[in-house]
Amino acid sequence: MNVSPYLLSIISAILLFFSFPPFHIWPLAWVAFVPYLIGVGKERRENKAIIASWIFNIWLIPFFLCFAGVTHTWHIGGNVIYPFIIVVIYLVLSIYAFVLVSIWRLRYLPAGLHIFSFSVFWCLFEFAFKNIPLINDFPLVQHLAFSQLKNIPILQLATITGTYGVSFLILFFNCSIAYLLLNWNSKTAKRLLVAVALITLTIWIYGYSVLPKPGKEINITIIQEGNPGCYKNPFSMLLGGNKPKWAPLEFYDKLTREHVKYNTDIIMWSMVWITPGDHSKEGSWLRKKLVNLSREYNSILCISPRNYAPDRIINLLIQPDGRIGEYDMHHPPLFNVLRLFPFLKIPNYPSPEVGLSYPRYPVFDTKFGILGMEHCFDTQFPYITRKLVKKEAKLILYISDNTELGVFYKYFEPSNIILRAVENRVGFASVSGNGISLLVDPYGRVITSSGLYAQEVLNENLPLTGKGTFYTHYGDIFGYIIVLLSLLLIFYNFYLKRRGSFIYCMHCGNKVPKGDKICPDCGKNPKVHIIIRLLKT
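Residues numbered from 1 in each chain as written. Predicted model: local features only at pLDDT ≥ 70, side-chain atom pairs only at ≥ 80, totals over all residues. Heavy atoms only, no water.

**Regarding the sheet that holds strand 12 (residues 446-449)**
Formally: Should DSSP find at least two bridges between two strands, the strands are taken to pair. Under the scheme used here, helices are H or I runs from DSSP no shorter than 4 residues and strands are E runs no shorter than 2 residues, and both carry numbers assigned from the N terminus. Comment: axis = line fitted to C-alpha atoms, over the contacting stretch for helices; angle = value between 0 and 180 degrees taken between N-to-C directions. Note on contacts: a residue pair is in contact if any heavy atoms of the two residues lie within 4.5 Å.
The sheet built from 6 strands is open, its strands ordered 7-8-9-10-11-12 with mixed pairing. The strands lining the two open edges of the sheet, one partner per strand, are strand 7 (363-366) and strand 12. Averaged over all pairs of adjacent strands, the angle between strand axes in this sheet comes to 20°, irrespective of strand direction. Here helix 15 (residues 382-390) sits on the sheet and contacts strand 7, strand 8 (369-375), strand 9 (395-400) and strand 10 (427-432); the angle it forms with strand 8, its principal contact strand, is near 165°.

The following block contains the structure:
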């Protein structure tokens with residue numbers, strides 16, 4: 001039975017969408033690509049392959065609203081913001097389609113190698129979007145590992161390969177199923193699927209075996225302000241953009257005294273509004289006030305004071321003995337974009353050069369051990385957490401200023417936190433203005449979490465480890481292996497094409513003898529370039 005590749009692409013898009021947060025139906029990801037791979041694998045005409053690939057990527061549109069929320073919130077580009085968002089989303093969807101069709105063009109490879117090249121090139125795309133400057137400023141790529149946040153044993157693979165290994169395993173499994181369905185009578189295809197299934201099961205058993213019982217070493221209290229009033233309509237709740245109303249210091253102090261009636265080791269507040277004039281240039285008044293509060297609570301206090309220093313996005317770690325640690329946001333959203341295009345002004349947003357002038361990757365010695373801190377958007381970049389854990393940080397305290405951003409970003413952020421925790425075997429305590437705040441253990445298990453747009457107080461114990469992993473110490477070795485494999489596949493395909501006696505017609509997909517300028521089946525030039533075909537489509 002012949003099924004339209006467009007319909008198969010839509011089925012894949014739906015399955016993949018529901019495997020991601022907030023739905024978390026993680027088994028769907030292990031079969032979601034199969035309909036698309038079958039539809040495109042049977043398709044011989046490039047224009048249909050392009051359209052099918054473009055349709056398949058509609059599952060990404062809700063996640064592109066993460067980026068839309070950032071640009072809408074800070075009004076980048078003035079009145080052209082909405083056309084700008086639409087154009088960017090269209091271009092990125094087209095880039096995805098171009099990448100997928102480029103994989104489709106590797107048809108000179110043996111059939112099995114061809115379909116498995118999909119998993120290699122998809123992971124290459126994920127790796128590139130995380131590591132290429134300018135591109136990595138935008139949360140446009142959703143790692144397939146995000147779909148497995150509830151599948152904790154499989155996530156443990158990230159301690160060796162990073163998130164790219166988890167994505168590769170999911171895709172490899174999908175490719176095995178698709179290859180079998182396309183070659184049902186092939187014994188090789190059946191043996192291959194069994195082998196891949198056994199490898200996946202082995203990794204799952206390994207991941208399950210290393211999971212310990214939750215430790216109880218440090219008690220953390222999170223005060224989530226809850227700020228639903230900053231959203232005036234459903235559209236602003238979806239995309240963000242309204243001016244947030246950060247709570248003053250007195251609000252958090254009162255809430256802390258009302259709820260924290262037990263002895264806690266660390267208290268975390270989200271964004272705290274500091275009235276201009278309440279502190280000197282050195283912040284001496286505020287520093288004394290915060291130290292006194294820390295002594296009264298008999299706890300370490302972690303906050304992010306807004307307006308503490310107008311040119312900085314900063315976290316403070318206040319200890320009862322009077323020591324105060326400072327952490328400046330390392331990679332603000334649009335960091336490289338604003339450095340390259342300074343005319344894209346953001347009101348009340350510090351220059352991206354400011355954070356570079358302060359200590360990088362600081363860690364702080366406390367009576368509980370060495371602690372690290374990160375701020376909003378820093379967890380988008382794995383290297384920041386890796387550097388903190390390599391400095392022996394046993395716990396990461398994360399504060400998010402996402403009050404003015406839309407709901408999609410609020411699910412995107414915890415996903416990164418969970419993956420950074422697993423990659424480095426380090427616990428995370430995260431507080432957000434109006435959700436989602438959470439405590440994550442070093443194995444990626446969410447110990448407790450808050451809801452959205454609600455005032456909540458969380459209190460739980462979190463184990464301290466921070467020993468680091470293979471990935472912590474050696475980084476993206478697997479990512480560079482993927483880059484090497486991609487180059488080898490491209491060159492091998494080119495070699496087979498040059499050595500062969502035929503080419504594929506770019507219109508009808510049939511084989512055409514080399515040297516023929518007209519395809520005998522469709523009567524058209526068989527060598528029209530893929531970019532021209534993409535633009536025409």
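**Examining the confidence of the model for the protein chain**
The condition is simple: Every residue gets a pLDDT, meaning the predictor's confidence in that residue, from 0 to 100.
Here the protein chain averages 78 in pLDDT, and 72% of its residues register 70 or above. The low-confidence segment residues 75-80 (pLDDT under 50) makes 7 contacts with residues lying over four places distant or belonging to another chain.

**Comments concerning the nonpolar core**
Cut-off, in case you're wondering: Residues belong to a common nonpolar core when they are buried Ala, Val, Leu, Ile, Met, Phe, Trp, Tyr or Cys residues joined through side-chain atoms within 4.5 Å. Here's how the labels work: a residue is buried when its accessible area is under 20% of the maximum for its type, exposed when over 50%, partly exposed in between, all with a 1.4 Å probe on protein chains only.
Counting residues in hydrophobic clusters, the biggest one holds 103 residues, and the most contacted among them are Phe 33, Ile 220, Ile 266, Met 268, Leu 395 and Leu 397. Broken down by element, this core gets its largest block of residues, 12 residues, from helix 9 (residues 163-182). Sequence-distant contacts of Met 268, defined by excluding residues within four places in its chain, comprise Ile 220, Thr 221, Ile 222, Ile 223, Cys 302, Leu 397, Tyr 398, Ile 399, Ala 429 and Val 431. Among the nonpolar cores identified, the runner-up in size contains 22 residues, and Ile 223, Trp 269, Ile 274 and Ile 318 belong to it.

**A few points about the pairing of strand 3 (residues 266-273)**
By the criterion of burial, strand 3 is predominantly enclosed, with 7 of the 8 residues buried. Where strand 1 (residues 218-224) meets strand 3, 4 bridges bridge the pair, whose relative direction is parallel. Note that in strand 3 the partner of Ile 223 across the bridge is Trp 269. Pairing geometry for strand 2 (residues 247-248) and strand 3, over 2 bridges, is parallel. Bridging from a neighbouring strand, Pro 248 pairs with Trp 273 of strand 3. Two strands pair when backbone bridges link them, and strand 3 and strand 4 (residues 300-306) are joined in this way by 6 bridges, in the parallel orientation.

**Some words on the side chain of Gln 156**
For clarity, the threshold we go by: Polar contacts here mean pairs of N or O atoms no more than 3.5 Å apart (in protein, one a potential hydrogen donor and the other a potential acceptor; neighbouring residues in sequence count only if both atoms are side-chain atoms).
Note on placement: Gln 156 falls in the loop between helix 7 (152-155) and helix 8 (158-161). In this structure Gln 156 comes out as buried when scored by relative accessible area, which is 0%. Polar side-chain contacts of Gln 156 include one of 2.6 Å to the side chain of Arg 425. Non-local contacts of Gln 156, meaning those with residues more than four positions away in its chain, are made with Gly 207, Val 210, Leu 211, Val 422, Arg 425 and Tyr 443.

**Remarks on the environment of Phe 364**
Mapped onto the elements, Phe 364 comes out in strand 7. Along the chain, Phe 364 and Lys 391 lie 27 residues apart, while their C-alpha atoms are 9.9 Å from each other. Those residues in contact with Phe 364 that lie beyond four places of it in its chain are Leu 317, Gly 325, Glu 326, Tyr 327, Gly 369, Ile 370, Leu 371 and Met 373.

**With respect to the pairing of strand 6 (residues 324-328)**
Counting buried residues along strand 6, 4 of its 5 residues qualify, which places the element largely inside the surrounding structure. Between strand 5 (residues 314-318) and strand 6, which pair antiparallel and follow one another directly, the connecting turn spans 5 residues, one of which, Gly 322, has a positive phi of 100°.

**A look at the pattern of salt bridges**
Operational definition: We count a salt bridge whenever a side-chain nitrogen from Lys or Arg sits within 4 Å of a carboxyl oxygen from Asp or Glu.
Tallied over the full model, the rule gives 6 salt bridges. As a salt-bridge pair, Glu 296 and Arg 257 come within 2.4 Å of each other at their nearest N and O atoms. With Glu 296 in helix 13 (residues 284-297) and Arg 257 in helix 12 (residues 249-259), this pair connects stretches of sequence that are 39 residues apart. Across the salt bridge formed by Glu 326 and Arg 287, the nearest N and O atoms sit 3.2 Å from each other. Here Arg 287 lies in helix 13 and Glu 326 lies in strand 6, a separation of 39 residues in the sequence. What makes Glu 326 partly exposed here is its relative accessible area of 27%. One salt-bridge network, held together by shared partners, links Asp 253, Arg 257 and Glu 296.

**Structural notes on the packing of aromatic side chains**
Cut-off, in case you're wondering: Stacked, edge-to-face and tilted labels apply to pairs of Phe, Tyr and Trp rings (six-membered ring for Trp) whose centres lie within 6.5 Å, assigned for plane angles under 30 degrees, over 60, and everything in between, in that order. In this analysis the charged atom, NZ for Lys or CZ for Arg, is taken to sit over a ring once it is within 6 Å of the ring centre and within 35 degrees of the ring normal.
According to the stated counting rule, one finds 25 aromatic pairs in the structure shown. Aromatic pair Tyr 36 and Phe 118: ring centres 6.1 Å apart, planes at 45°, arrangement tilted. Of this pair, Tyr 36 sits in helix 2 (residues 33-42) while Phe 118 sits in helix 6 (residues 111-131), and the two are 82 residues apart along the sequence. Judged by its relative accessible area of 2%, Tyr 36 falls in the buried class. A centroid spacing of 5.4 Å and a plane angle of 85° characterise the contact between Phe 251 and Tyr 252, whose relative ring orientation is edge-to-face. Grouped by ring-pair contacts, the aromatic residues Phe 33, Tyr 36, Phe 56, Phe 118 and Trp 122 constitute a single cluster. We note Arg 386 situated over the ring of Tyr 471; from NZ or CZ to the ring centre the distance is 5.1 Å. Across the ring face of Tyr 361, the terminal group of Lys 387 is positioned such that the distance to the ring centre comes to 5.3 Å.

**Comments concerning the packing of helix 6 against helix 18 (residues 477-499)**
To keep things clear, this is the line we draw: Any angle that falls under 35 degrees is termed roughly parallel, while one over 145 is termed roughly antiparallel, one within 65 to 115 roughly perpendicular, and all others oblique. Here a crossing is taken to be left-handed if its near helix is turned anticlockwise relative to the far helix by less than a right angle, and right-handed if that turn runs clockwise.
Running from amino to carboxyl end, helix 6 crosses helix 18 at an angle of 135°, the nearest separation of the two axes being 9 Å. For the element pair helix 6 / helix 18, the angle class is oblique. Helix-helix and strand crossings are classified by hand; for helix 6 and helix 18 the assignment is left-handed. The residues of helix 18 that touch helix 6, namely those facing Leu 113, Ser 117, Val 120, Phe 121, Cys 123, Leu 124 and Phe 127, are Gly 479, Tyr 480, Ile 482, Val 483, Leu 485, Ser 486, Leu 489, Ile 490 and Tyr 492.

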